[in-house]
Amino acid sequence: MTAPERGYADYQYQIYVRGLQDAVPPFTTDLGALEDQARDRLGPKPYWYIAGAAGTGATARANRAAFDRHRIVPRMLRDATARDQRTTVLGSELPAPVVLAPIGVQSQVHPEGELATARAAAATGVPMVLSTAASHTIEEVAEANGDGQRWFQLYWPHDDEVTASILKRARTSGYTALVVTLDTWQLAWRPHDLDQAYLPFLRGDGVAIPLSDPVFRSRLERPVEEDPQGAAMQWLPIFSGKAHTWDELGFLREHWDGPIVLKGIVHPEDARRAVRAGMDGIVVSNHGGRQVDGAVAALDALVDVVAEVGTETEVLFDSGIRSGADVFKALALGARAVLLGRPYVYGLALGGAAGVEHVVRGLLADFDLTMGLSGCTTLADIGPDTLHAGGGGEVRR
Ligand SMILES: Cc1cc2nc3c(=O)[nH]c(=O)nc-3n(C[C@H](O)[C@H](O)[C@H](O)COP(=O)(O)O)c2cc1C
Ligand SMILES: O=C(O)C(=O)c1ccccc1
């Protein structure tokens, strides 16, 4: 998938032109404000499950505050009319440095769930990462994604044969990279969900992948069709509640012949260990502030992790991306690409695949305009010198 002929910023032009027919965009173009629109649409349980964070929300707020602390210093009189956002991530060429983050149980917000996300990803060319806790199967999502790029996110089960089976299904279905999420082997204290006693999995949502897995099914005393809730209950302790350790990573390498990245790394020494363990990359992330409340802002962690391993491995980033300027700042601080989280789920809630497409096109257009107006034509131009020293970035003259 290539960029639109007139560049991603063309989406801005299209919106203004539609105004000639008195049409405004169906959903807001402000990814922060999208949350308010989705709130009006969703019931309180799914809304708070998605928007909520762990504990007091301190880390979720810190994620945003860290972006606000960094400021771009645009450069003038450079010809930045034609821009190119293309990049290579984990050996694959991407049209833009943006990937759709793994988000579980998307049927909570739209009946088509991950299938709609998969179609929007294919239409825009950005890769999607399918969650182990998806509401549709590995194979169904692959079909909806067609010749789009797809990665698979693993919540690493405590059953090696089930793990091997799931990984094999994902590889066979064309998922190229494996994203192993480390920070959520157990859900954190999440008051919004606890107060509503809301855990989608206990109702049998977000278990399409295990329930369609031949090895997991062979473990069940009663067939899934007879007792789906019982099957979901049997899955819970297999995928959640116990941590894995560094010495087990070899197992994943044996069962996955593509690139592997570790998601949820925030300590530079863990980043170092990931490199030493032969991983292909890491995702600096605090899970959008949903796990350790009081944890370091993800963007601050990015700076430390890039200083430690930035030249040795691919460092991806998520947690707090809400605008094109945020993408720019994360790249300036050394991220190779970013994962977009909650905003696309709000797009899904509001408009299915069209809603996700709107969110992605809007973000890429905003990023494209930020690049151009800052004097950057390629991603290589977005270095630490594009940020102001007072905000934590350094200006090199
Ligand atoms: C509702 C919800 C569900 C999520 N489910 C998963 C998941 O299944 N696997 C995973 O690795 N990360 C999951 N995440 C974390 C995201 O991949 C990502 O790290 C986070 O949303 C980034 O923060 P942001 O939404 O503030 O940008 C989830 C996040 C949300 C909001
Ligand atoms: O809610 C989450 O943040 C999350 O990552 C998750 C964990 C297990 C199943 C689905 C989503």
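The rules behind these values
- Residues numbered from 1 in each chain as written.
- Chains lettered and ligands numbered in written order.
- Predicted model: local features only at pLDDT ≥ 70, side-chain atom pairs only at ≥ 80, totals over all residues.
- Heavy atoms only, no water.
- Phe/Tyr/Trp six-rings, centres within 6.5 Å; stacked < 30°, edge-to-face > 60°.
- Helix = DSSP H or I, 4+ residues; strand = E, 2+ residues; numbered from the N terminus.
- Buried < 20%, exposed > 50% of the residue type's maximum accessible area, 1.4 Å probe, protein only.
- Expected span 1.5 Å × (residues − 1).
- Contact = heavy atoms within 4.5 Å.
- Core = buried A, V, L, I, M, F, W, Y, C linked by side-chain atoms within 4.5 Å.
- Salt bridge = Lys/Arg side-chain N within 4 Å of Asp/Glu carboxyl O.
- UniProt positions renumbered as here; feature names shortened; annotations may be inferred.
- Pairing = 2+ DSSP bridges.
- Right-handed = clockwise from strand over helix to strand, strands pointing away.
- Near = heavy atom within 4 Å.
- Polar contact = N/O pair within 3.5 Å; in protein donor to acceptor, adjacent residues only side chain to side chain.
- Areas by Shrake-Rupley, 256 points an atom, 1.4 Å probe, with all protein chains shown as cover.
- 1 Å grid on protein atoms, 1.4 Å probe; cavity = no way out; pocket = protein on both sides within 12 Å on 5 of 7 lines; lining within 4 Å.
- Sits in = over half its atoms within 2 Å of the grid points.
- Nonpolar A, V, L, I, M, F, W, Y, C, P; charged D, E, K, R; others polar.

Trainee: Is there a simple way to think about the packing of aromatic side chains in this case?
Mentor: For the structure on display, the rule yields eight aromatic pairs. Geometrically, the ring pair formed by Tyr49 and Tyr198 is edge-to-face, given 6.1 Å between the ring centres and 80° between the ring planes. With a gap of 149 residues between them, Tyr49 in helix H3 (residues 44–51) and Tyr198 in the loop between helix H8 (191–195) and helix H9 (208–211) connect regions that are remote in the sequence. Just as Tyr49 is buried, Tyr198 falls in that class too. Each ring, one from Trp235 and one from Phe239, has its centre 5.4 Å from the other, and the planes form 10°; the classification is stacked. In this pair, Trp235 and Phe239 both sit in helix H11 (residues 228–239), four residues apart, roughly one turn of the helix. You'll find Trp235 and Phe239 in the same group, each marked buried. Ring-pair connections join several aromatic residues into one group, and the members of that group are Tyr155, Phe201, Phe216, Trp235 and Phe239.

Trainee: Is there a simple way to think about helix H5 (residues 113–124) in this case?
Mentor: Helical periodicity: at 3.6 residues per turn, an α-helix aligns residues three or four positions apart in one direction. Spanning 12 residues, H5 covers 17 Å between terminal C-alpha atoms, matching the ideal 16 Å at 1.5 Å per step. Among all positions in H5, only Gly113, Glu114, Leu115, Ala116, Thr117, Ala118, Ala120, Ala121 and Thr124 are buried. Those residues of H5 that are buried are in contact with strand S3 (98–100), strand S4 (128–130), helix H6 (138–145) and helix H16 (342–373). Gly125 sits one or two positions beyond H5 and adopts a positive phi of about 90°.

Trainee: Explain the nonpolar core to me, please; I cannot follow it from the model alone.
Mentor: Counting residues in each nonpolar core, the largest one holds 106 residues, and the members touching the most others are Phe152, Leu302 and Phe317. It is H16 that provides the largest number of residues to this core, a total of 14 residues. Once residues within four sequence positions are removed from consideration, Phe317 is found in contact with Phe67, Val283, Val284, Ala298, Leu299, Leu302, Ala330, Ala335, Ala337, Val338 and Leu339.

Trainee: It is not clear to me how unusual backbone geometry should be interpreted in this structure. Could you clarify?
Mentor: Excluding glycine, most residues fall at negative phi; most peptide bonds, likewise, are trans. Backbone geometry places Leu77, a non-glycine residue, at a positive phi of 55°. With relative accessibility at 94%, the residue Leu77 sits in the exposed group. In the Ramachandran plot, His287 falls in the positive-phi region, its phi being about 65° despite a non-glycine side chain. Here His287 shows up in the loop between strand S8 (281–284) and helix H14 (298–309). Given a relative accessible area of 14%, His287 falls into the buried group.

Trainee: Is there a simple way to explain the pattern of salt bridges in this structure?
Mentor: Side chains that differ in sign of charge can pair as their charged atoms come close. Tallying each qualifying case throughout the model produces 19 salt bridges. Here Asp257 ties to Arg171 by a salt bridge, and the two come within 2.5 Å at their closest N and O atoms. You can see Asp257 sitting in the loop between helix H12 (249–255) and strand S7 (260–265) and its partner Arg171 sitting in helix H7 (residues 160–172), a full 86 residues away along the chain. Under the relative-accessibility criterion, Asp257 is labelled exposed at 63%. On the basis of relative accessibility, which here comes to 30%, the residue Arg171 falls in the partly exposed class. Two residues, Arg361 and Glu357, come together in a salt bridge whose shortest N-O distance is 2.7 Å. Of the two residues, Arg361 and Glu357 both sit in helix H16, four residues apart, roughly one turn of that helix. By relative accessible area, which is 25% here, Arg361 ends up partly exposed. Glu357 sits in the partly exposed class, given a relative accessible area of 22%.

Trainee: Whenever I open this one, the UniProt feature "active site" (unreviewed entry) in the chain confuses me. Can you help?
Mentor: The UniProt entry lists His287 under the feature "active site" (unreviewed entry), expressed in the numbering used here. Setting aside anything within four residues of it in sequence, one finds His287 in contact with Tyr155, Thr181, Asp183, Thr184, Arg190, Lys263 and Ser319.

Trainee: Help me out: how do you make sense of the pairing of strand S9 (residues 314–317) in this one?
Mentor: The side chains of a regular strand alternate, first on one face of the sheet and then on the other. Both faces of S9 are covered, namely the face carrying Glu314 and Leu316 and the face carrying Val315 and Phe317. As judged from the four bridges shared by S8 and S9, these two strands associate in the parallel manner. Residue Gly281 lies in a different strand from S9, and its bridge partner there is Glu314. In this region the chain leaves S8, passes through H14 and returns to the parallel neighbour S9; the handedness of that crossover is right-handed. Across two bridges, the pairing between S9 and strand S10 (residues 337–340) is parallel. Its bridge partner lying in S10, Phe317 is registered against Val338. Between the parallel elements S9 and S10, the chain passes through helix H15 (residues 324–332) in a crossover that is right-handed.

Trainee: So what exactly am I meant to see when it comes to the site of ligand 1 here?
Mentor: With respect to spatial proximity, 22 residues lie near ligand 1, and among them Pro102, Ser131, Thr181, Arg322 and Arg342 are the closest. Within the backbone of Pro102, one N or O atom sits 2.7 Å away from an oxygen atom of ligand 1. Gln153 has a polar side-chain atom sitting 3.1 Å from a nitrogen atom of ligand 1. Protein contacts shield 98% of the accessible area of ligand 1, which totals 600 Å² for the unbound molecule. Applying the majority rule of atoms within 2 Å of the grid points places ligand 1 in the largest pocket. A class-by-class count of the residues in the shell around ligand 1 yields seven nonpolar, 10 polar and five charged.

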